[in-house]
Amino acid sequence: MAQPRPRRSSPRIWILPLLALLTTGQLAGCGEAGRDAAGDQLQSERLRQVRQRGALVCGINGQLPGFSSLGADGRYTGFDVEFCRAVAAAVLGDPNRVELRLLSSNDRFTAVASGDVDLLSRNTTVNLSRDAPGGNGLAFGPILFYDGGAVLVPGASGIRRLADLADRPVCVVSGSTNEGVLADRMGSLGLRYVPLRYRNADETFAAYLSGRCTAVTSDRSGLAARRTLFPDPAAHRLLPEALSKEPMAAASRQADPIWADAVRWIAYALIEAEEQGVTRANVAALTARARSDPRQPRLRRFLGLEGELGRSLGLPADFAAKAVAAVGNYGELFERNLGQGSPLGLERGANELWSRGGLLIAPPFR
């Protein structure tokens, strides 16, 4: 006997129950993030792991002065390292609760994807393929450093522009953004060159200093940083051409948007603190003053004295104040590690606040 043909369901029959599940939060278990049983506290699997472990595992370069390098006291210092400490302070209440992992340019994304690190703070350029779910699936925070690709050459080489590199060997870190940037730029100029690829920065710059290549390419800040370690820094010059735009940011797994949001707003807090004049030296005094002064709603919200901005991220109410108390605001972080008073001696330039002609801006804390 022939069986009756099944009746096809209208899509509306499926869409309505799905919408009901979404609005009641019953699908929270499908991802890494959701809300607790009471429905009022954000839960992130990564945030839970960090708190349970009692330490933030942060991936860094470790070989780049100004960003992350080993100091004379045996501790890693630099802009990227201090951002890790700001996150640890905001999440765990202690900037020293950080485990640093040294990652090469080749293994950094695998470390994030596998969960070996909670956060990647390693002079990493934001681009489409790294951000896309079909690429590396990273969740980038705000741009914390605007940079660009460049080339460093010996001053006595006679090389004054990119065209002078035709048919010459250039050292580059294999798998880095700079490898592709140089290839694109030389290709657009119709110039052939010989890329000599090395596994990491140490090998790359050692090859350059030994004369195995005529030039070395990296980000301008990275080249300036490495040059400070050369036997004779003044004997090497940066070519004037900017090869690319290299906006850099910290990154986490895209699969946990609540953790990514927490990291993002901790970064914004450092920028907002500079705009509001909150520093490592005055944050405690400003908090005490604002606590008894309701006429400063913007500052009170930022310091966690009113509203529930921290709770909406799964963080303490005073997460921003904790981060600033640990490392200072963005301007302090920049000047201490990269600015005119540091060995790198970089100008703020594009890394200045939007209100002073730069590109840094934090959305409103409200």
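Computed from a predicted model, the values in this text were never measured in an experiment. (Residues numbered from 1 in each chain as written. Predicted model: local features only at pLDDT ≥ 70, side-chain atom pairs only at ≥ 80, totals over all residues. Heavy atoms only, no water.)

1. Looking at the overall build of the protein chain
Part 1: Looking only at helices and strands, the protein chain has 13 helices and 17 strands in total.
Part 2: Among the 366 residues that make up the protein chain, the fraction classed as buried is 47%.
Part 3: Long-range contacts, defined as pairs at least 24 residues apart, comprise 70% of the intrachain contacts of the protein chain with a sequence gap of at least 6.
Part 4: Summing over all exposed atoms, the protein chain offers an accessible surface of approximately 17,600 Å²; the carbon and sulfur share of this is 53%. (Helix = DSSP H or I, 4+ residues; strand = E, 2+ residues; numbered from the N terminus. Buried < 20%, exposed > 50% of the residue type's maximum accessible area, 1.4 Å probe, protein only. Contact = heavy atoms within 4.5 Å. Areas by Shrake-Rupley, 256 points an atom, 1.4 Å probe, with all protein chains shown as cover.)

2. Observations regarding the pairing of strand β11 (residues 149-154)
Part 1: Most of β11 is tucked away: 5 of the 6 residues are buried.
Part 2: Summarising the sheet, β11 and strand β14 (residues 215-219) pair through 4 bridges and their orientation is antiparallel. Bridge pairing in β14 links V151 to T217.
Part 3: Looking at chain direction, β11 and strand β15 (residues 236-238) are connected through 3 bridges and run antiparallel. Residue pairing in the sheet places L152 in a bridge with L238 of β15. (Pairing = 2+ DSSP bridges.)

3. Considerations on the packing of helix α3 (residues 79-92) against helix α12 (residues 319-327)
Each pair of packed helices can be described by the angle between their axes along with the distance between the axes.
Part 1: For the pair α3 and α12, interaxial distance at closest approach is 8 Å and the crossing angle is 140°. Relative to α12, α3 is oriented oblique. The handedness of the crossing between α3 and α12 is right-handed. For the pair formed by α3 and α12, the contact residues are E82, R85, A86, A89 and A90 on the first element and F319, K322, A323, A326 and V327 on the second.
Part 2: Classifying every residue of the contact of α3 with α12 gives 7 nonpolar, no polar and 3 charged. (Axes fitted to C-alpha atoms, helices over the stretch in contact; angles between N-to-C directions. Parallel < 35°, antiparallel > 145°, perpendicular 65-115°, else oblique. Left-handed = near helix turned anticlockwise from the far one by under 90°. Nonpolar A, V, L, I, M, F, W, Y, C, P; charged D, E, K, R; others polar.)

4. Things to note about helix α2 (residues 45-53)
Part 1: Looking at α2, one finds that the buried residues are R46, L47 and V50. Angular distribution of buried residues about the axis of α2 spans 100°; they occupy a single face of the element.
Part 2: At the exit of α2 stands G54, carrying a positive phi of roughly 80°. (Arc of directions from axis to C-beta.)

5. Considerations on the pattern of salt bridges
Part 1: For the structure shown, the criterion picks out 21 salt bridges.
Part 2: Where R48 meets E45, a salt bridge forms, and the shortest distance between an N and an O atom there is 2.3 Å. Placement of both R48 and E45 in helix α2 is noted, with a separation of 3 residues, approximately one turn of the helix.
Part 3: Judged by relative accessible area, which is 27%, E45 ranks as partly exposed.
Part 4: A salt bridge links R226 to D202; its shortest N-O distance comes to 2.8 Å. Here R226, found in helix α8 (residues 220-227), pairs with D202, found in helix α7 (residues 201-209); they are 24 residues apart in sequence, far enough to count as distant.
Part 5: Using a relative accessible area of 39% as the deciding quantity, one classes D202 as partly exposed.
Part 6: Overlapping salt bridges bring together E274, R348, E352 and R356 as one network. (Salt bridge = Lys/Arg side-chain N within 4 Å of Asp/Glu carboxyl O.)

6. Some thoughts on the sheet that holds strand β4 (residues 63-64)
Part 1: What the 3 strands build is an open sheet, ordered β4-β5-β6; its pairing is antiparallel. Of all strands in the sheet, those bounded by a partner on one side alone are β4 and β6 (76-77).
Part 2: Inspection of the sheet shows strand β5 (residues 68-70) paired to β6 by 2 bridges, in the antiparallel sense. Of the residues in β6, the one forming a bridge with S69 is T77.

7. Regarding the state of the cysteines
Simply put, the disulfide is a covalent bond whose two ends are the sulfur atoms of two cysteines.
Part 1: Under the definition given, this model contains 2 disulfides.
Part 2: There is a disulfide in this structure between C58 and C84, and the S-S distance comes to 2.0 Å. Judged by the sign of its S-S torsion, about -65°, the bond between C58 and C84 is left-handed. Taken together, the residues C58 in strand β3 (residues 56-60) and C84 in helix α3 connect sequence positions 26 residues apart. No difference in accessibility class separates C58 from C84, as the two residues are buried.
Part 3: Across the disulfide from C171 sits C213; the S-S distance is 1.9 Å. Of note, the bridge from C171 to C213 carries an S-S torsion of about -105° and is left-handed in sense. Here C171, found in strand β12 (residues 169-173), pairs with C213, found in the loop between α7 and β14; they are 42 residues apart in sequence, far enough to count as distant. Each of the two residues, C171 as well as C213, counts as buried.
Part 4: Looking at the protein chain, its bonded cysteines, counted consecutively from the start of the sequence, adopt the pairing 1-2, 3-4. (Disulfide = S-S within 2.5 Å.)

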